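Survey of secondary and tertiary structure
This is what each chain is made of:
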Amino acid sequence: LQRLEYRGYDSAVAPPSTRAAKNMCGIVAYCGNAQAADILVAGLQRLEYRGYDSAGVAIIQKSEDSGGKQESKRQKSAAPKADGAEAKIKICKQAGKVANLAKACENSDVKGTLGIAHTRWATHGPPTDRNSHPHVSCDGKIAVVHNGIVENFAALKTKLEGLGYKMASDTDTELIAHLIYDVRKKKAMPLEEAVRQALTQVHGAFGLGVVCADEPDILIGARRGSPLILGIGDDEYVLASDASAVIERTRRVTYLNDGDMVVITRGAGYQIKSLDGVKLIREVQELEMSLQEIQKGEFKHFMLKEICEQPEVLENCMRGRLNHDTGDINLGGLTPYLQRIIAAPRIIICACGTSWHAALTGEYMIENLAKIPVEVEYASEFRYRNPVLYKSDVVVAVSQSGETADTLAAISLAKKHGCLTVGICNTVGSTIARETDCGVYLHAGPEIGVASTKAFTAQICVMCMIALKLLKEKGDDSTADFKKKLKALAALPDKVRKVLEEKEKVLNMSRVFRYASNFLYLGRGFNFPVALEGALKLKEISYIHAEGYPAAEMKHGPIALIDQFMPVVVIAPCNDPNAEKLQSNIEEVLARGGSVIAISDETKNEDLERKCEYVVHVPNTEEFLMPLLTVIPLQLMSYYIADMRQCNVDQPRNLAKSVTVE
């Protein structure tokens, strides 16, 4: 027995907790006749879920400004003035939440009708007042807000310091303000041309807003890799990194493409050009979202609201796409390319974070139903590992925002190899939607909570419809069996409503486990990605260390962690083909003193009820559809535990909604 002891020995060592990091900041800029500060702060509050460790505004103040309507013409000469300027830039910025900035603006004189604003997620330099955006040039006449990262930061800083410029912050953004000033000073050129020439020296991603006291009626925006949207109102314009900051002023928008620069001139409208100076025309679209959709309503947090919206989200996702009379699925965006997808030797799905878990579920669905080989890649790895790609491959990008930098880079790489590219995203007009050859929208509505919930279920729903459509086109399923699958899919919204009726049970269960330091999530087959997603949700918003594993892998390491202080969540539907093996996994956990939370179906199982500390039931459905039901209790448990631990559920530390830089 002593010689066999290495095969099993009851002990556990708890690992330290991990911390994740994503980022995206928020930009809002305004040019119109209303008070800019009020609009900018309100816009930042809408964007606060995207970055929230500091915020600031820069307002152009004219000498004649009385806070009302202004009428002026664009200045002909843009060279820096030797004498006192007619306008100045008033800066107000604060570390911490936008509420701090709002209070500071109330207590300071920041009147004016043109300005830029920013809410930050720190990349270069800690979140302090001095590092908050906007940043200004050495003469205080040029102000810049910036999303993204300047990759040649060190080289530019050395160059500018060599020219005598002194840095007032630790940020990479400040360098852009100095660069614009330096170019403009040497060549006495208009702001527009100075911005264009300065940006030729900047490597990396950026979304920019720029104003200048010498040209007080001009607002400039530019993008490379970081999204910008222009809202077009009545004699006013709102430039923002997200539509949620625009919707309160206008529904008419145009999306800037990579390499676009927009110049907004008071009284003269706007003009979009390339960074090379070529005039461009971009389509003006109508926003689909409403103001009500981005408000919490009766819910304490956006995350809980979005969890509870999932029945309607699934209905919207399937609306107009399922035809029960003909027994077919209509995915209009894919129709011209279906035969190429069916003929593909493989499908490669690229995604990050929660979208990667949805992609993994999609792999199981497509391979199981349509019998087409699928590979799921982390976009961040795919873009750098020099993957082997063929023109016959289909590369699918999955992203809630449609702006994820690594996923966009994966699509760019695929296009260079001649692959067909498919986008699955939630945001209409996003870069992924525009850059891919074809795709499918989620129609999940705006998702404000940083930890994705309803977008995840919508992504799986779309994956399921794609798998079923491919199955239908291949003719590998009988009509009766296919219609049965469609019927099961259509029944999901009501079944999700039934799961949500178990909120009280999940709440009571969460009270017991809120003090746990570690969690283990186990699942098999279609429910393995759900285990990964459940663990991610818990650690994202409650800061509890959690890991998801294939249940069969528990014996290959994680079992060493199990003791009386380690809750184990097992996704164990009784109708699962591996139900008996999952029961064995539960027995192994119990033998080591662990507490088991089981997510099961409605099949009666007294043994499971007796042995597990808690069992949460979801309705029975087809095996491949179970992830859309089993994930709901895990989302709720993560939410309730985080709320009880007094964590900031909608804005968890170190995280932001969309990752638009590497």
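Up top is the structure.
The model shown is predicted, which means the values in this text are computed figures rather than measured ones.

1. Description of the packing of helix H7 (residues 310–318) against helix H13 (residues 454–474)
- Relative to each other, H7 and H13 sit at 35°, their axes nearing to 9 Å. Once H7 is placed against H13, the crossing between them reads as right-handed. The segment H7 lies against H13, with Gln310, Val313, Leu314, Cys317 and Met318 engaging Lys454, Thr457, Ala458, Cys461, Val462 and Met465.
- The class makeup of the residues in the contact of H7 with H13 is eight nonpolar, two polar and one charged.

2. What about the packing of aromatic side chains?
- Taken as a whole, this structure holds eight aromatic pairs when the rule is applied.
- When the centroid spacing of 6.1 Å and the interplanar angle of 65° are considered together, the rings of Tyr364 and Phe526 count as edge-to-face. In this pair, Tyr364 is assigned in helix H9 (residues 353–369) and Phe526 in the loop between strand E23 (518–523) and helix H17 (528–542), connecting sequence segments 162 residues apart.
- A residue is classified by how much of its surface remains accessible, and Tyr364, at 25% relative accessible area, is partly exposed.
- Aromatic side chains Phe519 and Tyr521 sit 6.1 Å apart centroid to centroid with 35° between the ring planes, which places their arrangement in the tilted category. Comparing Phe519 with Tyr521, the two get one shared label, buried.
- Three or more aromatic residues link up through ring pairs in this structure, and these residues are Phe513, Phe519, Tyr521 and Tyr614.
- Geometry around Phe482 places Lys472 over its ring, the cationic atom sitting 5.4 Å from the centre.
- Directly above the aromatic system of Tyr543 lies the positively charged group of Arg653, at a separation of 3.9 Å from the ring centroid.

3. Overview of the pattern of salt bridges
- Scanning the entire structure with this criterion turns up 37 salt bridges.
- Here Arg249 makes a salt bridge to Glu236, at a shortest N to O gap of 2.9 Å. In this pair, Arg249 sits in the loop between strand E10 (237–240) and strand E11 (252–255) while Glu236 sits in the loop between strand E9 (229–232) and E10, placing the two residues 13 residues apart along the sequence.
- The salt bridge partner of Asp328 is Lys469, with a shortest N-O separation of 3.1 Å.

4. A few points about empty space enclosed by the protein
- Tallying each qualifying case throughout the model produces two cavities of 30 Å³ or more.
- Of the pockets and cavities examined, the largest cavity occupies roughly 90 Å³.
- Leu334, Ile341, Ile347, Ile349, Ile366, Val394, Val396, Val422, Ile424, Met463 and Ile466 together form the lining of the largest cavity.
- Looking at the lining of the largest cavity, its residues break down into eleven nonpolar, no polar and no charged.

Basis of the calculations
Residues numbered from 1 in each chain as written. Predicted model: local features only at pLDDT ≥ 70, side-chain atom pairs only at ≥ 80, totals over all residues. Heavy atoms only, no water. Axes fitted to C-alpha atoms, helices over the stretch in contact; angles between N-to-C directions. Helix = DSSP H or I, 4+ residues; strand = E, 2+ residues; numbered from the N terminus. Left-handed = near helix turned anticlockwise from the far one by under 90°. Contact = heavy atoms within 4.5 Å. Nonpolar A, V, L, I, M, F, W, Y, C, P; charged D, E, K, R; others polar. Phe/Tyr/Trp six-rings, centres within 6.5 Å; stacked < 30°, edge-to-face > 60°. Buried < 20%, exposed > 50% of the residue type's maximum accessible area, 1.4 Å probe, protein only. Lys NZ or Arg CZ within 6 Å of the ring centre and 35° of its normal. Salt bridge = Lys/Arg side-chain N within 4 Å of Asp/Glu carboxyl O. 1 Å grid on protein atoms, 1.4 Å probe; cavity = no way out; pocket = protein on both sides within 12 Å on 5 of 7 lines; lining within 4 Å. Points joined across faces, edges and corners; volume = space filled by probe spheres on them.

Any functional reading would require information beyond the geometric quantities listed.
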